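# An overview of the molecular structure
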Amino acid sequence: MTGRPDDLEERAIPGRAPTGTADPTAGSGAPAGNPYPAVGSGAPAEPPHPTPDPAADSQDNRRQALYWRLLAQLFDPEEQASLESASLAVVEDIGLPAGLLDRRTAVDSLVQRHPHLAAEFDGLLTGNPGAGGESTGETEVRDREAEVRRAALVSKVLLNVFATGTGPVTAGQLSRWQSDAGWLERALGCEPGALRGGRRSGGAGVSPTGSGGGTAPDLGRLIPAIGPEIGALEADLVSRMRLREVLADPALAARLTPSMSLIEQLLRDKNNLDGVALANAKALIRRFVDEVAEVLRTQVEKATVGPLDRSVPPKRVYRNLDIDRTIWKNLTNWSPEEERLYVDRLYYRHTARKTTPQRLIVVVDQSGSMVDSMVNCTILASIFAGLPKVDVHLVAYDTKALDLTPWVHDPFETLLRTRLGGGTDGTVAMALARPKIAEPRNTVVVWISDFYEWQHEPLFASMADLHRSGVKFIPVGSVTSAGRGSVNPWFRERFKDLGTPVLSGHIRKLVHELKTFLT
């Protein structure tokens, strides 16, 4: 061939007849001109090249424009005019309000004006398989229009939560951010406040609206763990707020929503407050304590309990009546003629549980890094103090130890007597807790700390002595709602070798351990 380089000369391609030659598929059952070999021809089949879909490409471009705008808004203070105009055109075209792009507009405001959006925000980030598409045989058809709409809604909730800006924060701004963070938690399949620490946690199996019956996402797979990150954002906003001025104004204080970050700041600053500001601070702490106590009390009630005590006669009340057993035991009294069952004796279920007097000693590190544990365990101790035959003692420490046992039934008063901050010296707490152990085998000691101690060897030796004496010793590294915390590796390894591994994670783990031992 003239006029063409040798490397571009036409070559025989498997399964395709060169120009000017006979079609190799002729007579093989394949139609003339078929670029793929017939079945059984022995030649490898080549997949057909996908046909470009202009409509699908257009939808993908619109979705990408929304996400590029989100990234630009989060990481670049300068507004990108081209991205803004493109995103506005996309949002208006799919029938969503333009306020979706304004970070100053709270999600609550959008939902109030457009109530149908509430259902779309709920469970938005749960990642249900097949969402936004339908299955046809083995192929799932993507609904690209739904993906664009989802991208717009996701961008709104992420931008409002993570673009916190800089500078002073007002009570109104904090309240609006907390509301938006609640919508993000709902988008993740949780109740508002569940990821940030302690309040109204739905737990596994909670529907997006928190009403039950749905499937909550595995939040442990999120990288990084999103709960602690949201909590850190809230703590930053609280630290930038002029809290004393806000608390001194009842109208502004009423707009605050109690959270773990806010409670930590109040506990740190309580000695510098007086008058109206102190009263408002106490009211916020009381509200938060009551909310967390309600959640923890439910978890304690649901936890497993001790075995039934069959030596105690069952109460002869209707709710304990064992219908099936009563019928079975009286079957010999059945009268075929009358078709009646005569009952000689009623049988009741045993409900009493075996309990022995137990002593629970809770030792809490009250340094600044352990505020979540301090709040949760103080409330938990008060709940267990209300159980029959459980004697609860509470000790808090930093470089000095404080016996809070007289106030253990009132977590609010207990928290007001704490002193957050300072170093940690567990040996002073051990000196206060050890005399409280009268019967080692009926005593459980819960030690909550990050275990960064300056006298680590003497402290561990005394803890090992308690364990060997028969005390149920439970070292706890993190008792938060989000499960975030660090533990000194030196202590972690030695507790593991001792056979008492550090209990870390969600507070439900500690509830289960205590309820199993104490009841």
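Residues numbered from 1 in each chain as written. Predicted model: local features only at pLDDT ≥ 70, side-chain atom pairs only at ≥ 80, totals over all residues. Heavy atoms only, no water.

## Some thoughts on the overall build of the protein
Operational definition: Put simply, DSSP marks the helices as runs of H or I at least four residues long and the strands as runs of E at least two long, and each gets a number from the N terminus on. For the exposure calls, accessible area comes from a 1.4 Å probe over protein chains only, and a residue counts as buried if that area is under 20% of its type's maximum, exposed if over 50%, partly exposed in between. The contact criterion used is simple: two residues touch if any of their non-hydrogen atoms lie within 4.5 Å. Areas reported here follow the Shrake-Rupley algorithm with a probe of radius 1.4 Å; residue values treat only the protein chains shown as occluding.
Within the protein, the regular secondary structure consists of 18 helices and 10 strands. The buried share among the 519 residues of the protein stands at 43%. Contacts in the protein between residues far apart in sequence, at least 24 positions, make up 71% of those at least 6 positions apart. Total accessible area on the protein is roughly 27,600 Å²; 53% of this is exposed by carbon and sulfur atoms.

## What to know about the packing of aromatic side chains
Worth spelling out the cut-off: Each Phe, Tyr or Trp ring (for Trp, its six-membered ring) is paired with any other whose centre lies within 6.5 Å, and the angle between the two planes then decides the class: stacked below 30 degrees, edge-to-face above 60, tilted in between.
One pass over the structure, following the stated rule, counts 10 aromatic pairs. Measuring from ring centre to ring centre gives 6.0 Å for Phe460 and Trp490, while their planes differ by 85°; the resulting arrangement is edge-to-face. Here Trp490 lies in helix H17 (residues 489-498) and Phe460 lies in helix H16 (residues 456-468), a separation of 30 residues in the sequence. Through pairs of rings, three or more aromatic residues link up here, namely Phe451, Phe460, Phe473, Trp490, Phe491 and Phe495.

## Description of the confidence of the model for the protein
Caution is warranted with low-pLDDT regions, since their predicted coordinates should not be read in detail. Operational definition: Per residue, pLDDT measures the predictor's confidence, with a range of 0 to 100.
For the protein, mean pLDDT is 74; residues scoring 70 or higher make up 70% of the total. Throughout residues 1-41 the model reports pLDDT below 50, and contacts reaching past four residues in sequence, or to other chains, amount to 25 contacts. Contacts of residues 219-224 to residues separated by more than four positions or lying in other chains number five contacts, the stretch itself having pLDDT below 50.

## Focus: the pairing of strand S5 (residues 358-365)
Here is the rule: The pairing criterion is simple: DSSP has to find at least two bridges between the two strands.
Counted residue by residue, S5 has seven buried out of eight residues, so it is predominantly covered. Bridging between S5 and strand S6 (residues 390-397) involves eight bridges; their strand directions are parallel. The residue bridging Val363 from the neighbouring strand is Val395, located in S6. Bridge count between S5 and strand S8 (residues 443-448): six bridges; the pairing is parallel. When the sheet's bridge partners are listed, Val364 is paired in S8 with Ile448.

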